Amino acid sequence: MDRTMNAGPDLTTLAGAVGDATRIRMLELLMEGRALVAKELAFGTGVSPATATAHLQRLEQARLVRSTKQGRNKVFRLATPTVARMVEALMTVAVRGPRASATPEPLRAARYCYDHLAGRLGMGITDALLRAGHLSLRRRAFALTPSSEAWFQDFGIDLTPVREQRRHFAHRCLDWSERRDHLAGALGAALASRVLSLGWVERQPDSRGLIVTSGGQRGLKRHFGVT
């Protein structure tokens, strides 16, 4: 049989890149959505800077992370939102049965999933937008409705530049702790950015977890009915 007939995505190389405890932990750390230097990733994974650099080179070769110069430092971030979705999907598979209840409560309550909101906070906002008719469900994505434009504009989000981004607009992302889809994509990122700029949430140090502020509690209840 012609081996070229079975040619397809190189899953073996991908599996080799993520199939290491240090490298998968690095990808988890980068799921915060922020760019990190090698020393930060070394500290977060408990390895030496030299070892961290070798792991990052492997991840970069597999096109899972990308690096850019920031002053004197080289910073690393996930290569694409698709990589973030892959990591989130792996978490969904990994957290099953008794393991699900072992997920730290702060992460279950509110966290970043790369650049959009997840956990009960992200699900609560997504559910509220669906109930209010500002979003509708499609097979693989959410879609805007006739009321959407005005609502997002009133909330401080201009949809024109959001639509112009070269990425999925309103992707459905499976939440690994809630086991349902929350709003992701360019629209999900814009919504998360707006909530952060309003001071409704604050980042927890060295974590994807978010703290909802007292002002955020009032704003989320008023706009989304989320408590």
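Values in this document were obtained by computation on a predicted structure and should not be read as measured data.

For the rest of this paragraph, the subject is the packing of helix α2 (residues 21-30) against helix α3 (residues 38-45). As a packed pair, α2 and α3 sit with axes 10 Å apart at the nearest point and diverge in direction by 115°. Of the two elements, α2 crosses α3, and the hand of that crossing is right-handed. In this structure, α2 contributes T22, R25, M26, L29 and L30 to the contact, and α3 contributes L41, G44 and T45. For the contact of α2 with α3, a count of residues per class yields four nonpolar, three polar and one charged.

A word on the layout of surface pockets. Rolled over the atoms, a probe as big as a water molecule pinpoints where empty space is left. Reported here for the second largest pocket is a volume of approximately 230 Å³. Around the second largest pocket sit 14 residues that line it, and A109, L121, V212, V226 and T227 are the ones nearest its centre. When contributions to the lining of the second largest pocket are tallied by element, the ones reaching two or more residues are α7 (105-109), α8 (119-131), β11 (210-212) and α12 (214-224). Of the residues contributing to the lining of the second largest pocket, the split by class is nine nonpolar, four polar and one charged.

So, on to the environment of Q204. On the secondary structure map, Q204 appears in the loop between β10 (201-203) and β11. Here the alpha-carbon distance between Q204 and E178, two residues 26 residues apart in the chain, equals 20 Å. Leave out the neighbours within four places in its chain, and Q204 touches R34, P106, G209, L210 and I211.

A few words now on the side chain of R23. Along the chain, the position of R23 falls in helix α2. Despite its burial, R23 pairs with no opposite charge, the nearest such side chain being D20 at 4.3 Å. Ignoring any residue separated from it by four or fewer positions in sequence, one finds R23 in contact with G16, A17, H55, R58 and L59.

The next thing to look at is the sheet that holds strand β2 (residues 65-70). Within a sheet, each strand pairs with its neighbour through backbone hydrogen bonds, oriented either parallel or antiparallel. Taken together, the three strands give an open sheet; going across it, the order is β1-β3-β2, and neighbouring strands pair in antiparallel fashion. Strand pairing shows two members of the sheet lacking a second neighbour, β1 (36-37) and β2, which therefore form its edges. Where β1 meets strand β3 (residues 73-78), two bridges bridge the pair, whose relative direction is antiparallel. Considered in β3, the bridge of L36 is made with F76. Strands in contact with helix α4 (residues 49-61) are β2 and β3; relative to β2, the strand with the most contacts, it is inclined by about 115°.

With that out of the way, let us pick up empty space enclosed by the protein. The tally for this structure, following the rule as stated, stands at one cavity of 30 Å³ or more. Approximately 50 Å³ is the volume found for the largest cavity. Residue lining of the largest cavity: H116, L117, G122, I125, T126, L183, G188, L191 and A192, and that is the complete set. When contributions to the lining of the largest cavity are tallied by element, the ones reaching two or more residues are β5 (116-118), α8 and α11 (185-197). Class assignment for the residues of the lining of the largest cavity results in five nonpolar, four polar and no charged.

Within the fold, V75 resides in strand β3. Spatially, the C-alpha atoms of V75 and G122 are 28 Å apart, while their sequence positions differ by 47 residues. For V75, the residues in contact, after removing those within four places along its chain, are A35, L36, V37, R66, S67, T68 and Q70.

Turning our eyes to something else, we now look at α2. Along α2, the residues that are buried comprise T22, R23, M26, L27, L29 and L30. Seen along its axis, α2 keeps its buried residues to an arc of 160°; they face one direction. With a side-chain oxygen lying 2.9 Å from the backbone nitrogen of T22, the N-terminal cap of α2 falls on D20.

Using the criterion set out here, one finds five aromatic pairs in the structure. Centre to centre, the rings of F155 and F224 are 5.6 Å apart; their planes meet at 80°, and the pair counts as edge-to-face. Here F155 is found in the loop between α9 (148-154) and α10 (159-163), whereas its partner F224 is found in helix α12, with 69 residues between them in sequence. Considered together, F155 and F224 belong to a single accessibility category, that of buried residues. Among the aromatic side chains, those forming a connected cluster through ring pairs are W151, F152, F155, W200 and F224.

Conventions and cut-offs
- One numbering rule holds for all chains: residues counted from 1, following each sequence as written.
- Reporting of local features is limited, given that this is a predicted model, to residues whose pLDDT is at least 70; pairs of side-chain atoms are given and counted only at 80 or more, and all residues count toward the totals for whole chains, interfaces and linings.
- Processing note: side-chain calculations cover all non-hydrogen atoms of the structure and skip hydrogens and water entirely.
- With axes taken as lines fitted to C-alpha atoms, and helix axes fitted only over the stretch in contact, angles between N-to-C directions fall between 0 and 180 degrees.
- Numbered from the N terminus, helices here are DSSP runs of H or I no shorter than four residues, and strands are runs of E no shorter than two.
- Working rule for handedness: look at the near helix, and if it is turned counterclockwise from the far one by less than a right angle, call the crossing left-handed; if clockwise, right-handed.
- Note on contacts: a residue pair is in contact if any heavy atoms of the two residues lie within 4.5 Å.
- The residue classification treats Ala, Val, Leu, Ile, Met, Phe, Trp, Tyr, Cys and Pro as nonpolar and Asp, Glu, Lys and Arg as charged. All others, Gly included, are polar.
- With a 1 Å grid spanning the protein atoms alone, the term cavity applies to any set of points in which a 1.4 Å probe fits but cannot get out, the term pocket to an open set with protein on both sides within 12 Å along at least five of seven lines, and the term lining residue to any residue with an atom within 4 Å of a point.
- Grid points are joined across faces, edges and corners, and a volume is the space filled by probe spheres set on the points.
- A 1.4 Å probe rolled over the protein chains alone gives each residue an accessible area, and that area as a share of the maximum for its type sets the label: buried under 20%, exposed over 50%, partly exposed in between.
- Note on charges: Lys and Arg go in the positive column, Asp and Glu in the negative column, and His and the chain ends are not counted at all.
- Between Lys or Arg on one side and Asp or Glu on the other, a salt bridge is scored when a side-chain nitrogen of the former is within 4 Å of a carboxyl oxygen of the latter.
- If DSSP finds at least two bridges between two strands, the strands pair.
- The directions considered for the arc run from the helix axis to the C-beta atoms.
- Definition of a polar contact: a pair of N or O atoms within 3.5 Å, with one able to donate and the other able to accept a hydrogen when the atoms are protein atoms, and with sequence-neighbouring residues admitted only if both atoms are side-chain atoms.
- Aromatic pairs are defined between Phe, Tyr and Trp rings, using the six-membered ring for Trp, whenever the two ring centres lie within 6.5 Å; interplanar angles under 30 degrees are classed as stacked, those over 60 as edge-to-face, and all others as tilted.

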